[in-house]
Each structure stands twice: as structure tokens, then as C-alpha cells.
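Spelled out from the first residue to the last, the chains are:
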Amino acid sequence: MKRKLSNQFFRNFLVIFLLTILATVFAFVLLSFASNLISGSLAKSRYPASAIIKEDYKEIDATAVVQSGGGVQVVDKEYRVVYSQGLDTIGKDKLTAEEFTTFLTESKSKAYHYDILYQPKGEFWLIVTFPTSIRLDFSLVHNKEASAGDFRRAGGVIAFVMLSYLSIIALFAFIYSRITAASIIIPLRKLSDGTKLLREGDYSARVDLRLKNEFAELQDTFNDMAARIEHEISLRKKSEEDRRGLILDISHDLKNPMSSIQGYAELLMEKKGITEQERKEYLEIILNNSKRANQLLTELFELSQIDSPEFSLKLVKTDICEYIRQICGELVPQLEREGFKYEFDISEERVFVMLDTNRFSRIIQNLANNAMQYNPEGTLVTLKLTVQNQQVVIEFSDNGIGIPEHLADSIFKPFVRGDDSRNSKTGGSGLGLYIAKKIAEAHGGDLILCPNENKGSSFRITIPAI
Ligand code: ADP
């Protein structure tokens, strides 16, 4: 990648440099052409020395030259300035032979145009001076009569200069292309390294280019994408772990009742001289364990139904107050039988909600069963229904033993239970609250455990009113 980009840049820059040289030469040619075009109209061309020279310098008419901003001087053979009109760049009346030679040789380089003509009869030099507007001297001069050796030498020097010039341009193009390519290659390489890390499974890979251009945008997109992938992967790992844990829990929970059933059934078949009392005892154990296994399987079936994407509720517009009053009525005989006290506080209003009555009753039933299962006789169970901000709030509490603090965050997870002994004959599956919360959520509401400062535990069900 690196070589290809740098070579591409090098070629591009070289072409640009050569085109620039070509354009410069063209500009010079154009300039000289334009200069030739206008030269005829310039004052210096209109009034050359040849146009005003006379045999006797006294007859020279310098008026037009002076009017055009120029000057006329006549220098005789003794280098005296015998005639001067208008602009005077000699500045003396008398020159030495040396000064006059210097004036003649240096006249080309000054910012004046000099037209100098010698009048052999009058034996004087006529000098016509005009200030130069702008002059650009660039010309290639050659003479065929020069010796072949001179031509070779001069040609060699020119070729050497051209070659050195082109080499320097090539070198500059090379350096420049490297610098420019580096500004693209370095961030590209960092991004490419980051991508490779991702491909190899390192989802924590991030790129820091310390740039503020388009690459920074690409970097942000890359980092964002990496973060999302990392998040997704961690979720997938977590759900994979949960799934494995769930299978472990299920098999563990089913194993105990099943082995117990198997053990006692074998005992019944093989034990000789078994008394009626023993037979009853064994059958009772078998019955309890099969009930337990059956309950677990029923709850597992319910759980898989709720978790399946096809799960949907049969929602019916229901007066929730009336409905909860009915459920409470059904709970009363059970609570009384178990020796629990109760208080129900349900609004007299008619409040409608969309409800799958079969499923929703499962929530209240589960909370009531838990209250009776985990708390001692005489515990007070309360249910209060209110409407707050278009939300129906049902608070279900008891003043019993309460939920251990360390379980408060995980109590709604499957297979989490207060009594962690899986052999416990009294404990449930640990699926009840998980299923109840899922049902509440499917109704657009929630089931939460409220922080309870008093004794006991308190749950809150919410469901949107319509
Ligand atoms: P389980 O089938 O074991 O009852 P749940 O999900 O319904 O499963 O309850 C989880 C755990 O929460 C129970 O094992 C119990 O320890 C605790 N728990 C639930 N409700 C109460 C309550 N009202 N009082 C005390 N502990 C409770």
C-alpha cells in the first residue's frame, strides 16, 4: 500500500513540476511577443537618434524628445557635452575617455534607454535618452560562425545545467510526494492495524490518530463500530453464559426429585415384607417429588413460552379495580386457611387497562403464594391499588421475613431464591418472580422490588391506564 501511494504521488508531483516549467517558458515567449507588439508605440521607438541627427549638432531639434520625457546630449571627440536638452543622465560637462567608455558599456544595465549614434562628419556622438518603463531581458543568442569546440562546451554546460535542474526538481517531487503520502499512509496504516486486531478478535482495539480531518471522522466511525461490536459480543457471551447456567440449574433441579422417585419406586418393588405404613410413606414421597418435578416443568414451559418471539398477550379492555377485587376475593379463603392476616385497599373508581386476565392473575397469585410460603403464620399481607400519572400502581407487601439484601438486585433472575439449598423440599423453583416480571413488562408495565425500610417485603406492579 505504502509504495503504491508514494509512487502515485511522485508521478503526479513530477508532472505538475514539469508542467509548471513549461508554463513559465510559455509565459516568457508570450511576454516577448507582447513586448514586440507594443514596442513600436513606445516613445523610444518613435524618436530614435537616427531620426533627429544632423551633421551640425546645433541644428538638432530635441523638442519632441523632451516633450515625451526624454533628453538629448551631444558629446564631441574631446568628450565634452556640447549640447544638452531635457533629461540628462551624464550629469557633467566634460568626461574623461575612461568615463565615456564606462557610460557606453554600462548604459545597457541602467533604467534608461539610450540610443547612441556617431556622426562622422560632425565628429560627435548623439545620445537620446528615455526612462525605461519596464524592461525584461531574456534572450537566447547564438552565432553559427562560433567554433565547434565553443559550441560543444557551451552546449555541455547548458545540458549539465538542465540536467541538474531536472534532477533537483525530481528530488523535490520525490521528497514532497513522500511527505504528502506519509500524511495519508500513517493514518491508513493505523486504521488498518485496528481492523486487523478486530478481525483477530481483539474487540477492545481503538484508533487514536490525533487528527482533525476526514481521517478523524473515519477514526470515530471505526471506534464507534468497535465499541458496538465489543458490546454485542459481551452481550452474546453473557447470554451464552446465562443459557449454560440455566441448563445447569434445570438439570440440577430436575435431578433431585427424579432420582428420589426412582429410588423409592425401586425400594417399593424390591423390599420384602414392607408394611402398609412404609408403603404409604414411600408413595407420599414419590407423589411429592413428582408434583415438584411437574411444577418445575410447567414453569419451564411457561418461561420458554414467554421468552419465545411468538409470545403475545390476549389483551382485553378491563376495569383493573374490579378485576383485582375479584382476585383478592379468591385469595381470602387461602390466606385464612394458612392463618395470614390481610388488608386490601382498592380504589372505587373505574380504571381501564388493556389486560390479558389469565396471565396477569399469575403475577398476583405468585406474589401471594410467596408471601404465604416464605413467611410465618400471622403475617400481614396488604394490597393497595392507586392511579398515579396515568399509571395503575399495585403495591403488594407483607410484614414478614423480607428478602435478603444481597438478593435484592438479582431476585428477578431465573433460579434465584432465598433458600439456596436445591434439596429444599419447601423452596420453589426460583422462576416465579422472573415469569411475573416478564408478564408485567409484556403489558407495558413493570414489577419491581421496593426498598423496604420496615419489616417484610414490598413489590410494586405498574401498568399503563388507558
Ligand atoms: P420461588 O419459586 O422460589 O418462590 P420466586 O422467584 O417466586 O421463586 O422467589 C424467589 C425467592 O425470593 C424465593 O426463593 C424467596 O426466597 C424470596 N421471596 C419471594 N417473595 C418473598 C416474600 N414475600 N417474603 C420473603 N421472601 C420472598
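Cut-offs applied
- Residues numbered from 1 in each chain as written.
- Predicted model: local features only at pLDDT ≥ 70, side-chain atom pairs only at ≥ 80, totals over all residues.
- Heavy atoms only, no water.
- Near = heavy atom within 4 Å.
- Polar contact = N/O pair within 3.5 Å; in protein donor to acceptor, adjacent residues only side chain to side chain.
- Areas by Shrake-Rupley, 256 points an atom, 1.4 Å probe, with all protein chains shown as cover.
- Helix = DSSP H or I, 4+ residues; strand = E, 2+ residues; numbered from the N terminus.
- Nonpolar A, V, L, I, M, F, W, Y, C, P; charged D, E, K, R; others polar.
- Domains from an automatic or database assignment.
- Axes fitted to C-alpha atoms, helices over the stretch in contact; angles between N-to-C directions.
- Left-handed = near helix turned anticlockwise from the far one by under 90°.
- Contact = heavy atoms within 4.5 Å.
- Pairing = 2+ DSSP bridges.
- Expected span 1.5 Å × (residues − 1).
- Buried < 20%, exposed > 50% of the residue type's maximum accessible area, 1.4 Å probe, protein only.
- Salt bridge = Lys/Arg side-chain N within 4 Å of Asp/Glu carboxyl O.

1. Quick word on the site of the ligand
Part 1: Around the ligand sit 20 residues, and of these N370, Y374, R417, G418 and L433 come closest.
Part 2: D398 places a polar side-chain atom, nitrogen or oxygen, 2.9 Å from a nitrogen atom of the ligand.
Part 3: L433 places a polar main-chain atom, nitrogen or oxygen, 2.8 Å from an oxygen atom of the ligand.
Part 4: A total of 530 Å² of accessible area belongs to the ligand in isolation, and the protein chains cover 96% of it.
Part 5: Contributing elements (two or more residues each) for the shell around the ligand: α10 (357-374) and α11 (432-442).
Part 6: In terms of residue count, α10 provides more of the shell around the ligand than any other element does, four residues in total.
Part 7: Taken together, the residues that form the shell around the ligand break down as eight nonpolar, 10 polar and two charged.

2. What about the domain arrangement of the protein?
Part 1: Looking at the protein, the domain boundaries give domain 1 (1-41 + 155-196), domain 2 (43-132), domain 3 (215-304) and domain 4 (312-464).
Part 2: Taking the mean C-alpha position of each, domain 1 and domain 2 sit 49 Å from one another.

3. A short note on the packing of helix α9 (residues 320-338) against α10
Part 1: Axis separation between α9 and α10 bottoms out at 11 Å; the angle between their running directions is 30°. The element α9 and its partner α10 pack so that their crossing is right-handed. Contacts between α9 and α10 involve I320, Y323, I324, I327, L331, Q334, L335 and E338 from the former and T357, F360, S361, I364, Q365, A368, N369 and M372 from the latter.

4. Regarding the sheet that holds strand β1 (residues 71-76)
Part 1: One open sheet accounts for four strands, arranged β2-β1-β4-β3; its pairing is antiparallel. A single partner strand is all that each edge strand has here, and the edge strands are β2 (81-86) and β3 (112-119). The sheet shows a mean angle of 15° between the axes of neighbouring strands, direction not considered.
Part 2: Relative to strand β4 (residues 124-131), β1 runs antiparallel, the two sharing six bridges. Bridge pairing in β4 links V74 to L126.

5. Examining helix α8 (residues 276-307)
Part 1: With 32 residues, α8 should reach 46 Å at 1.5 Å per residue; the first-to-last C-alpha distance of 46 Å fits that figure.
Part 2: All buried positions along α8 are accounted for by Y282, I286, N289, R292, A293, L296, E299, L300, E302, L303 and I306.
Part 3: Here the buried face of α8 lies against α7 (214-270), α10 and α11.

6. A closer look at unusual backbone geometry
For residues that are not glycine, phi is negative in most cases, and the peptide bond is trans in most cases.
Part 1: In this model, N389 sits at a positive phi of 45°, which is unusual for a non-glycine residue.
Part 2: With respect to the helices and strands, the residue N389 is situated in the loop between β8 (380-388) and β9 (391-398).
Part 3: Phi is positive for F415, close to 65°, though the residue is something other than glycine.
Part 4: Note that F415 resides in the loop between β9 and α11.
Part 5: Look at F415 and you get buried, because its relative accessible area is 4%.

7. As for the pairing of β9
Part 1: Of all eight residues that make up β9, six are buried, and the element is covered over most of its length.
Part 2: Alignment of β8 against β9, held across eight bridges, turns out to be antiparallel. By the bridge assignment for β9, T382 is matched with S397.
Part 3: Here β8 folds back onto β9, and the loop between the two strands holds two residues, one of which, N389, carries a positive phi near 45°.
Part 4: As paired elements, β9 and strand β11 (residues 458-464) share seven bridges and run antiparallel to each other. Bridging across to β11, E395 finds its partner in R460.

8. Some words on the pattern of salt bridges
Part 1: Scanning the entire structure with this criterion turns up 21 salt bridges.
Part 2: Residue D224 pairs with R228 through a salt bridge whose shortest N-O separation is 3.4 Å. Placement of the pair is D224 and R228 together in helix α7, with a separation of four residues, close to one helical turn.
Part 3: Overall, the relative accessible area of 40% leaves D224 in the partly exposed class.

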